[in-house]
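Structure at a glance
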Amino acid sequence: MSTMTRTSPNIIITGTPGVGKTTHSETLAQRTGLHHLDINDVVKKHNIGESSNDPDDPNTKIVDEDRLLDCIENDLEDGGQIIDWHACDLFPPRLIDLVCVVRCENKVLYDRLKKRGYGEKKLQENMDCEIMEVLLQEAREAYDDEMVVELRSESTEEIDANVERIEQWIKNWKKDHGKEGKKEVQTQSEQDKKDEDDPMFLHG
Ligand SMILES: Nc1ncnc2c1ncn2[C@@H]1O[C@H](COP(=O)(O)OP(=O)(O)O)[C@@H](O)[C@H]1O
Ligand SMILES: [Mg+2]
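So, a few notes on the structure that sits alongside this text. (Residues numbered from 1 in each chain as written. Chains lettered and ligands numbered in written order. Predicted model: local features only at pLDDT ≥ 70, side-chain atom pairs only at ≥ 80, totals over all residues.)

This paragraph deals with unusual backbone geometry. In this structure, Asn47 is a non-glycine residue whose phi angle is positive, near 55°. Take Asn47: it is sitting in the loop between helix H2 (39–46) and strand E3 (49–51). Residue class for Asn47 comes out exposed when judged on the 8 C-beta atoms lying within 10 Å of it. Although it is not a glycine, Glu133 sits at a positive phi angle of roughly 55°. Position of Glu133 relative to the elements: it lies in the loop between helix H5 (120–131) and helix H6 (134–142). Taking the C-beta count within 10 Å as the criterion, Glu133 has 15 such neighbours and is therefore assigned partly exposed. (Helix = DSSP H or I, 4+ residues; strand = E, 2+ residues; numbered from the N terminus. Buried ≥ 20, exposed ≤ 12 C-beta atoms within 10 Å, placed from the backbone.)

Turning next to helix H3 (residues 65–78). Counted at 1.5 Å a residue, the expected span for H3 with its 14 residues is 20 Å, and the 20 Å between its end C-alpha atoms agrees. Roughly 50° is the biggest bend found in H3, and it falls at Ile72. (Expected span 1.5 Å × (residues − 1). Bend = angle between axes of the 7 residues up to and from the residue.)

Attention now goes to the nonpolar core. Counting 35 residues, the largest nonpolar core has Ile11, Ile12, Ile83, Val99 and Cys100 as the members making the most contacts within it. For this core, the elements supplying multiple residues, two or more each, are strand E1 (11–14), H2, strand E5 (81–84), strand E6 (98–103), helix H4 (106–115), H6, strand E7 (148–152) and helix H7 (156–177). Every residue in contact with Cys100, bar those within four places of it in the chain, is listed here: Ile11, Ile12, Ile13, Val149, Leu151 and Ile166. (Core = buried A, V, L, I, M, F, W, Y, C linked by C-beta atoms within 7 Å. Contact = placed C-beta atoms within 7 Å.)

Checked against the element boundaries, His24 lands in helix H1 (residues 21–32). In sequence terms His24 and Ile13 are 11 residues apart; their C-alpha atoms lie 7.8 Å from each other. Not counting chain neighbours up to four residues away, the residues in contact with His24 comprise Ile13, Val102, Ser153, Ile159, Asn162 and Val163.

This part takes up the pairing of E6. Summarising burial for E6: five of the six residues are buried, a large majority. Of the strand pairs in this sheet, E1 and E6 are connected by four bridges, and their pairing is parallel. Considered in E6, the bridge of Ile12 is made with Val99. Across five bridges, E6 lies against E7 in parallel orientation. When the sheet's bridge partners are listed, Cys100 is paired in E7 with Val149. (Pairing = 2+ DSSP bridges.)

Around ligand 1, a shell composed of 15 residues is seen, among which Gly20, Lys21, Thr22, Thr23 and Ser153 lie nearest. Where the shell around ligand 1 is concerned, the elements lending two or more residues are H1 and H7. Split into classes, the residues belonging to the shell around ligand 1 amount to three nonpolar, eight polar and four charged. (Near = placed C-beta within 6 Å. Nonpolar A, V, L, I, M, F, W, Y, C, P; charged D, E, K, R; others polar.)

Structural data, given as structure tokens:
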């Protein structure tokens, strides 16, 4: 059994490419002082991505997940990380406090990816990924249900509302985890009471 030592939470911002992960992560980092851990940057910096052999898609990198974890594990142990990446189930649950799956309506997402210059095949793959709710499934399979929230990201108003909601969740997390940074053992009824107070999980 390892004891949690972080005094600031680790939050995953995940979703299909183009849904708004980086926009959310940057805004949240500015507002909270938490660190935006852009996994694309980590992959580049440590050179742990290999080009795929797909001639249609030479820019896509296949990432060695074990090496990636080695690179960021200390940061995650320290806490206060906003993890921005289009996958989530590689991050060990013991190091994760909240998983936000950013979602976007098909037509809006299509236009965003088109604007990015994605070719037809890559565009279709990513649209399928969003329609099939691949990241939501992945998050729900890897983490406790109450840690996973879905956030819509079609308008700038939604970004503000989502970020505010996460900010409030962070405040509550810090209150609950105290200055000594240890997770207190709670009875189920205490936990139920807390969940009722937690705005993250009100109104679905
Ligand atoms: N809620 C939103 N309202 C308006 N534009 C958005 C919203 N979310 C994302 N965008 C825009 O969509 C594009 C992709 O967003 P980005 O954050 O880079 O996505 P991701 O990191 O998930 O690939 C950017 O041009 C961004 O400004
Ligand atoms: Mg991004």
